[in-house]
Amino acid sequence: MKLSIDWKLVKKYEDILFFFWKGISKIQINRPWCHNAFRVETVDEMIDAIDICRKREDIDVIIITGSGNKSFCSGGDQHTRGLGGYLGKDGVPRLNILDFYKKIREIPKPVIAMVNGFAIGGGHVLHVVCDLTIASDNAIFGQSGPRVGSFDGGFGSSYLARHIGQKRAREMWFLCKKYSAKEALSMGLINKVVNKNILEKETIEWCKKIQERSSMSLRMIKRCLNAELDGQHGIMQLAGDATLLFYLTEESQEGKRAFLEKRIPKFKKFKKFL
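Residues numbered from 1 in each chain as written. Predicted model: local features only at pLDDT ≥ 70, side-chain atom pairs only at ≥ 80, totals over all residues. Heavy atoms only, no water.

Caption draft 1: Examining the overall build of the protein chain more closely. In terms of regular secondary structure, the protein chain is built from 10 helices and 14 strands. Referenced to the eigenvectors of the C-alpha coordinate spread, the extents of the protein chain come out at roughly 65 × 50 × 40 Å. Residues classed as buried in the protein chain amount to 46% of the 274 residues present. The contacts in the protein chain between residues at least 6 apart in sequence include a share of 64% that link residues at least 24 apart. (Helix = DSSP H or I, 4+ residues; strand = E, 2+ residues; numbered from the N terminus. Buried < 20%, exposed > 50% of the residue type's maximum accessible area, 1.4 Å probe, protein only. Contact = heavy atoms within 4.5 Å.)

Here's what the structure looks like:
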């Protein structure tokens, strides 16, 4: 049976499309004429959209993709690259894509990269930092940094190496080779390859399965998986959610009530877990 998806536009932007359907949001880079390369304004819009996703209780899962069937994202638009970063309309050089990568890591909801073609350079890092990657059979993966005088020393290298190993990661960066979806799957870079005609359908099916799971469990396991690689910041994110869980307990509520009632809290009545 054909899956009927009636995407509703959440907010109008210049460089991206931002949709919603039954608890699923889709952030879609809409610059197909340049293989969905991002400029400063593109990234600012994606940051705004993912912030909306975090605040809305009715959004469970986020899909990130590109327009058309040739490219997911080809990284930073070299036509807008200046001295020290990519130039926005204000002429200030920025690397704000790093802020978007952090947003993907920090949002307590699963993020799925739906790779529909080329995922190269910063676009490759973009799929790497997502929680899951589903690719079309015509997808192509690779790094281009050293070929254009750039590199990613953060998630695009250390986290990549956790996926595919040090030797493969160095090969990808040193040689700037391109890899097919089949090769990417075999090296553990992505989760699944499907025919390009059913890519969105398969991704939606994964989203629907995720929606059947405990949102708090998903939140906590994402924090736990991120904590080691994200250092003190990752530990802070995990600790923050642990605090959230504790605030939900009667023991925590007793501490708050005692403070407001100006009395000593009765913590002894709560069970100790050994």
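There's more to say after this.
Caption draft 2: Structural view of the state of the cysteines. Using the criterion set out here, one finds 0 disulfides in the structure. Distance from the sulfur of C130, which forms no disulfide, to the nearest cysteine sulfur (C73) is 10 Å. Free of any disulfide, C207 has its nearest neighbouring cysteine sulfur in C53, separated by 11 Å. We classify C207 as buried; its relative accessible area is 0%. (Disulfide = S-S within 2.5 Å.)

Caption draft 3: Looking closely at the pattern of salt bridges. Using the criterion set out here, one finds 24 salt bridges in the structure. Note that R257 and E254 form a salt bridge whose closest N and O atoms lie 3.5 Å from each other. Of this pair, R257 and E254 both sit in helix α10 (residues 250–261), 3 residues apart, roughly one helical turn. By relative accessible area, which is 28% here, R257 ends up partly exposed. (Salt bridge = Lys/Arg side-chain N within 4 Å of Asp/Glu carboxyl O.)

Caption draft 4: Fine view of helix α8 (residues 215–227). Relative to the 18 Å expected for 13 residues at 1.5 Å per residue, α8 spans 18 Å between its end C-alpha atoms, a close match to the ideal helical length. Within α8, the full set of buried residues consists of M220, K222, R223, N226 and A227. One side of α8 holds all its buried residues, which, seen down the axis, span an arc of 160°. For α8, the secondary structure elements touched by its buried residues are α1 (40–55), α2 (97–106), β9 (111–115) and α9 (231–247). (Expected span 1.5 Å × (residues − 1). Arc of directions from axis to C-beta.)

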